[in-house]
Amino acid sequence: QPHFLLRCLEACRERGLHTAVDTCGYASPGILREVAANTDLFLFDLKIIDEERHRLYTGVSNRPVLENLRLLDELGAAVWVRVPLIPGITDGENLEQVAGFISSLRRVKRVHLLPYHRIGADKYRRLGREYRLRYLAEPAAQEVEEAAGIFREKGLEVKVGG
């Protein structure tokens, strides 16, 4: 809904309101440029670096996502990258790859790690949809801290939570 988003952002700018856009980054670069011109902060979700695994879990290529994160960095946009910690899906080698990608950017240096939780399971139930991750355990505090260490080793500022 890029045109609606752009109108909302422009209205916020006219009123002097701070603007933030929460995105997975899957958008056309042209739209992203327009949105960036009216956005103070991007909350940018980065899940999986390996394209095949990204396609498996999200249904789409991650190329636009990675290219758009690079674009925002080049534009000098304020970006906080949010990385979900989902056991068996986004952890392990993927975290090393994500940290390496983010640290290759010139300006983006803030990462928020989002540990998996089951809060959304009830919403799925109410919608009559299957919650496929219901059997996953939430990562232990030590696992979260180890994940944070991977990013800190790359010189990135890390916060646990959104």
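Residues numbered from 1 in each chain as written. Predicted model: local features only at pLDDT ≥ 70, side-chain atom pairs only at ≥ 80, totals over all residues. Heavy atoms only, no water.

Some points on helix α4 (residues 63–75)
The end-to-end C-alpha distance of α4, which contains 13 residues, comes to 18 Å, matching closely the 18 Å that a straight helix rising 1.5 Å per residue would cover. All buried positions along α4 are accounted for by V65, L66, N68, L69, L71, L72 and D73. The first or second residue beyond α4 is G76, which carries a positive phi of 80°. (Helix = DSSP H or I, 4+ residues; strand = E, 2+ residues; numbered from the N terminus. Expected span 1.5 Å × (residues − 1). Buried < 20%, exposed > 50% of the residue type's maximum accessible area, 1.4 Å probe, protein only.)

Quick word on the pattern of salt bridges
Pairing of side chains with opposite charge becomes possible as their charged atoms draw close. As enumerated under the stated definition, the model contains 9 salt bridges in all. The closest approach of N and O atoms between D45 and R82, which form a salt bridge, is 3.0 Å. With a gap of 37 residues between them, D45 in strand β2 (residues 41–45) and R82 in strand β3 (residues 79–85) connect regions that are remote in the sequence. Assigned by exposure class, D45 and R82 land together as buried. Note that E157 and R110 form a salt bridge whose closest N and O atoms lie 3.6 Å from each other. Separated by 47 residues along the polypeptide, E157 in strand β5 (residues 157–160) and R110 in strand β4 (residues 110–115) bring together distant segments of the chain. Using a relative accessible area of 47% as the deciding quantity, one classes E157 as partly exposed. R110 sits in the partly exposed class, given a relative accessible area of 22%. Overlapping salt bridges bring together D22, D45 and R82 as one network. (Salt bridge = Lys/Arg side-chain N within 4 Å of Asp/Glu carboxyl O.)

Describing the packing of helix α1 (residues 2–14) against helix α2 (residues 29–36)
Two packed helices can be described by the angle between their axes and the distance between those axes. Where α1 meets α2, the axes come as close as 10 Å, and the angle between the chain directions of the two elements is 15°. One way to sum up the angle between α1 and α2 is to call them roughly parallel. Of the two possible hands of crossing, α1 and α2 adopt the one that is left-handed. The residues of α2 that touch α1, namely those facing P2, L5, L6 and L9, are I31, E34 and V35. Looking at the contact of α1 with α2 residue by residue, the class counts come to 6 nonpolar, no polar and 1 charged. (Axes fitted to C-alpha atoms, helices over the stretch in contact; angles between N-to-C directions. Parallel < 35°, antiparallel > 145°, perpendicular 65-115°, else oblique. Left-handed = near helix turned anticlockwise from the far one by under 90°. Contact = heavy atoms within 4.5 Å. Nonpolar A, V, L, I, M, F, W, Y, C, P; charged D, E, K, R; others polar.)

From the geometry alone we can't say anything about function, so treat these as descriptive.
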